[in-house]
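Residue strings, one per chain:
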Amino acid sequence: MSRGARLWLYALAGLVALSVVRTVTGADDLTSAGTMRAAIIAAIPIALAGLGGLWSERAGVVNIGLEGMMILGTLGAGYYTYYQGPWVGLLGAMMFGAIGGVLHALATVVFTVDHIVSGVAVNIIAAGVAGFLAEVFFADLEGGGPTQSPSLERPMSITVPGISDWSADLSAQRWFLVSDLAGLINALTAGLSIFTVLALLALAGTGWLLWHSAFGLRLRSCGESPSSAETLGVNVYRYKFLAVTMSGVFAGFAGCYLAVVASSGYANGQTGGRGYIGLAAMIFGNWRPGGLLTGSLLFGFTEGARLRQGGESVHALLLLIGVALLALAAWQLYRARRAVALLAATVGAGALWWYLATEAVPDSFTEMTPYVATLLVLALFSQRLRMPAADGQPYRRGEAG
Amino acid sequence: MTTVRRLMVGAAAPALAFVVAAAVTSVVLVAAGDSPADFWRVLLSAPDPRDYVAIANATAVLYLSGLAAAIGFRMNLFNIGVEGQYRVATFAGAVFAGQALLPGALNTAATILVAMAAGAAWAGIAALLRVLRGVSEVISTIMLNAIAVSLVAFLLQKVGRRQGETFRTDTIPESSWVPSFPLVPGESSQVYGLALLAVVAGVGFAVLLNRTRFGFDLRATGHSESAAVASGVNVRRMVVYTLLLSGAVAGLIGMPELFGGSHAYGSTIQTGIGFTGIAVALLGRNHPWGIAVAALIFGYLNQQASPLGVTADISTEIIAVTQGVVVLSVVIAYEVVRRYRVRAEQAEVARQLRRERGAQAVSP
């Protein structure tokens, strides 16, 4: 089966599972159009940050500075959208993110500083710059303040006439599977932000560029074996520099999406670690665009469910997680992988017990959901992942053996 | 290279970094329409006696935080989770101390152990994920930071007492408080007694690193994992021990304030120390003395920046830019200096070879 077909199959299986859980638990908001919309809005910034990570890590540079570049993106979006509208805001966010990218590239590619060290420094600088400039930019504006911008103009959104109404009706019927699918269709056809479409295009475009063009092959060769690339005449420095800068551009886009689509303006601390979650989504997705989108949707969905009927929906998800983990445990036991089976069984049983013993999950715990999900997913699947062979290693021309 | 030249090259890197940081800060200020002159006047003015005390307290706390990060860094383990470990540990310590299960100073000593154990346990999750499941500690500790914040908030509501809008743990009995000592004679504000923990931890770190087998293995693994394995180091065990130790030191960060100032865990807990500690460790090159200097610099900058908003109408956030740029430029500067040294040594070798060849040509 091709990779694409398998992704569709996974998506369908996920929807069926959610539908079963919704029917069993009666947590009707779990797959409503509103939750699906919230899930998409939560998933896109994570996917864009992950896309930034993909560019950088495919060229061999680990990028935990994504968080900082995203922060710069929110600031750029806040400033330029206020004065020039969302499209210039997007460009401004990308430019601000790119500045962070250039900084990281300068440190890691030109000066071969440790990638994690440089990433941490970029995050510190970005948070400081954003905190300082936010006060300069927004403190004196009407409706703004030292830590937040006034509300900003939103980019246009697309509503497909006919399908949107029809799917909204269907979604409200609560039929098995049909209504859940209708909820998803409604989220994609009613009030879909143009930036969401743009983000998905960027993801598909990156997939094509990196895996189906000579440019992409050269860029990825820098992440797998820079010395080999060098012998074939690839200017490794140039490719790495470009890749890390593009990484900043996409992280900036992620920040812009957060500021103008997911909320109504810039605010300090708005990114809330989504850059890191994007990185985790990319790792979960095995350094591939389709996989990282799947990971982002997973995290986005838990976030979306939390934001709506948090206590009830996350509680229902516990049932799904519990059953899925126990099934995984049985499968792994059959494959004689006892450690994974034990881990999955323990956490799965815990989740089931929690589901049965309580009525709703407290808010503090729903806040943790995306982070716990990240840890769990990485713990269970990390063995199947393969990162670019030279990812994170310093490279200097002529020094590699 | 002569000794003098070597020393000058060594001092060049940090000096260069501070010049760059000063320049970048000034440029940002000018670009934002603020006056760099005002900024530097406030920052470089002589601290008041009260400021000395605040700087000393901040330095001690930042030193512990930097030390916690540095233990991992020396082994190329990136414990980004000092912040989470510090929060979990301080909360656990405050709850334990508030119970007053033991009398007086015993309670204090036991609490410090509880906090260290809690910090180590929180770091231990990342350690287990790393050695058993191969999850990078960078990602797992970042996630654990976020989880720690929510978890502690939840538990605080469960076990804490409501006080107005917020919750706080039971106050520690007065017999377990640790008295502060005066730094400047006649000044009412004093240095936390447990600030001395920083000195103890620093000495312990230096001894551990330079005088024990564990420290040797740790440094060896950091320099070259394959060489360490070849010499019989059990790297997986080292990863677990190092992260546990790092978490245990992170558990100490909150102690001076807990026993000397707040006497309970509440919403006033200082946030972000764990992250600043990473910067302090990087600036101090993960060296016990280096971290001390870095902690002092950061403590000084934080304290001196606090009146900026009032006296110069500049946002105090600017100091975070200065600190971040210092960290990034110091690591870059060290790399530049290292390259310069390598080149200088190569040139030296080449010169000597030439001289010897010249001598051989003459002698027969």
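Remember, it's a predicted structure, so these values are computed and weren't measured experimentally. (Residues numbered from 1 in each chain as written. Chains lettered and ligands numbered in written order. Predicted model: local features only at pLDDT ≥ 70, side-chain atom pairs only at ≥ 80, totals over all residues. Heavy atoms only, no water.)

## A look at the side chain of Asn186(A)
Residues and elements named next belong to chain A. What counts, and what does not: Numbering of helices and strands runs from the N terminus; a helix is a DSSP stretch of H or I covering at least four residues, while a strand is a stretch of E covering at least two. Counting of polar contacts relies on pairs of N or O atoms within 3.5 Å, with two restrictions inside protein: one atom must be capable of donating a hydrogen and the other of accepting it, and residues adjacent in sequence are counted only when both atoms are side-chain atoms.
Tracing the sequence through the fold places asparagine 186 in helix α7 (residues 178–189). A distance of 2.9 Å separates a polar atom in the side chain of asparagine 186 from a polar atom in the side chain of arginine 37. Looking at asparagine 186, its side chain comes within polar contact range of the main-chain oxygen of serine 164, at 2.8 Å.

## Comments concerning the domain arrangement of chain A
Residues and elements named next belong to chain A. The condition that has to hold: By convention here, the domain bounds are inherited from an automatic or database domain assignment. The contact definition used throughout considers only heavy atoms, calling two residues in contact when any of these lie within 4.5 Å. As used here, buried area is the combined drop in accessible area, with a 1.4 Å probe, of two parts when they are placed together. A side-chain nitrogen of Lys or Arg and a carboxyl oxygen of Asp or Glu constitute a salt bridge if their distance falls within 4 Å.
You can read the domains of chain A as domain 1 (1–30 + 311–360) and domain 2 (32–305). Summarising the inter-unit geometry, the C-alpha centres of domain 1 and domain 2 are found 28 Å apart. Taken together, the contact between domain 1 and domain 2 spans 14 residues of the former and 16 residues of the latter. Both faces considered, domain 1 and domain 2 share a buried interface measuring about 1300 Å² in area, 63% of it formed by carbon and sulfur atoms. Applying the counting rule to domain 1 against domain 2 returns one salt bridge. Across the salt bridge formed by aspartate 180 and arginine 22, the nearest N and O atoms sit 2.6 Å from each other. There are two residue pairs in polar contact (both at pLDDT 80 or more) connecting domain 1 and domain 2. Those elements that place two or more of their residues in the side of domain 1 that touches domain 2 are α1 (3–25) and α14 (310–334).

## Details of a negative patch on the surface
Worth spelling out the cut-off: Patches in this entry comprise residues that are over 30% relatively accessible and not in a salt bridge; like charges within 9 Å are linked, as are nonpolar side chains (Val, Leu, Ile, Met, Phe, Trp, Tyr) within 5 Å. Exposure was quantified through the Shrake-Rupley algorithm and a 1.4 Å probe, taking into account, for residues, occlusion by the shown protein chains and nothing else. His is not counted, nor are the chain ends, whereas Lys and Arg count as positive and Asp and Glu as negative. We put the charge of a Lys on NZ, of an Arg on CZ, of an Asp on CG and of a Glu on CD. Only protein chains enter the accessibility calculation, which uses a 1.4 Å probe; a residue is then buried when its area is under 20% of its type maximum, exposed when over 50%, and partly exposed in between.
A cluster of like negative charges, contributed by Glu135(A), Asp140(A), Asp313(B) and Glu317(B), occupies part of the molecular surface. Following the sequence through the fold, Asp140(A) ends up in the loop between α5 (115–138) and β1 (157–158). Judged by its relative accessible area of 75%, Asp140(A) is exposed.

## Quick word on the domain arrangement of chain B
By a widespread convention, an interface's size corresponds to the accessible area lost as its parts come together. Residue and element names in this part refer to chain B. The domain boundaries assigned to chain B delineate domain 1 (1–34 + 315–364) and domain 2 (50–314). If you average the C-alpha positions of domain 1 and of domain 2, the two centres end up 31 Å apart. Opposite the twelve residues of domain 1 that make contact, domain 2 presents 14 residues. Its largest share of buried area at the contact with domain 2, domain 1 owes to Ile319, Gln323 and Val327, together 37% of the area lost on that side. For the pair domain 1 and domain 2, the interface holds zero salt bridges. Taken together, the connections running from domain 1 to domain 2 amount to two residue pairs in polar contact (both at pLDDT 80 or more).

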